[in-house]
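Examining the three-dimensional arrangement
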Amino acid sequence: FHCCNHGSWSERTSGCAISHTEFRHAVEYLEENLDSATKRMYDVQQDYEAKLKAQEASFRKIIANERTQFEGLYGRMKEQCDAELRQSRAETASAKQDAQDVISMVHRDSHHNVCAVKA
């Protein structure tokens, strides 16, 4: 379809008498372009899906690694906090016992002093 071969299709055909052969060639040309565009679209879609799947796998791996690191860090932090809590409880128990011992000693001494004063 070489009649008025310039510009858009409507420009190429305006004012031209198109033969049956030229029209058939134009239709074949358009069909080829459509087939080519359809194939290209399919290829792009396949490429997109493959890239998306690859990224998904990569992101899942990153998330799994981050989860493992977080769980390890959380575990270590929890162990450290538990150890500090146990130490604090032991120190508190020791301080309570020391206080109880001092109170008992004061009571014993005060009772002894009262007895000494009465005698």
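Residues numbered from 1 in each chain as written. Predicted model: local features only at pLDDT ≥ 70, side-chain atom pairs only at ≥ 80, totals over all residues. Heavy atoms only, no water.

Looking now at the overall build of the protein. Scanning the protein from terminus to terminus reveals two helices and zero strands. For the protein, the proportion of its 119 residues judged to be buried stands at 3%. Accessible surface, the protein: about 10600 Å² in total, of which carbon and sulfur atoms supply 59%. (Helix = DSSP H or I, 4+ residues; strand = E, 2+ residues; numbered from the N terminus. Buried < 20%, exposed > 50% of the residue type's maximum accessible area, 1.4 Å probe, protein only. Areas by Shrake-Rupley, 256 points an atom, 1.4 Å probe, with all protein chains shown as cover.)

Attention now moves to a nonpolar patch on the surface. On the surface, I18, F23 and V27 cluster together into a nonpolar patch covering about 240 Å² of accessible area. Inspection of the secondary structure assignment puts V27 in helix α2 (residues 20–118). On the accessibility criterion, V27 (31% relative accessible area) is partly exposed. (Patch = residues over 30% accessible without salt bridge, like charges linked within 9 Å, V, L, I, M, F, W, Y side chains within 5 Å. Salt bridge = Lys/Arg side-chain N within 4 Å of Asp/Glu carboxyl O.)

This next bit is on the packing of aromatic side chains. Scanning the model with the defined rule gives one aromatic pair in all. Centre to centre, the rings of F70 and Y74 are 6.2 Å apart; their planes meet at 25°, and the pair counts as stacked. Residue F70 and its partner Y74 are both found in helix α2; the two are separated by four residues, about one turn of the helix. For F70, a relative accessible area of 56% puts it in the exposed group. (Phe/Tyr/Trp six-rings, centres within 6.5 Å; stacked < 30°, edge-to-face > 60°.)

This part covers the pattern of salt bridges. Within this structure, the stated rule accounts for five salt bridges. The salt bridge partner of R60 is E56, with a shortest N-O separation of 3.1 Å. Separated by four residues within a single helix, R60 and E56 lie in helix α2, roughly one turn from each other. Since its relative accessible area comes to 36%, E56 is described here as partly exposed. As a salt-bridge pair, D82 and K78 come within 3.1 Å of each other at their nearest N and O atoms.

This part covers the confidence of the model for the protein. Caution applies to low-pLDDT parts of the model: their predicted coordinates are not meant to be read in detail. Averaged over all residues, the pLDDT of the protein is 86; the fraction at 70 or higher stands at 86%. Contacts from residues 1–6, a stretch scored under 50 in pLDDT, to residues over four places away or in other chains number 17 contacts. (pLDDT = per-residue confidence, 0-100. Contact = heavy atoms within 4.5 Å.)

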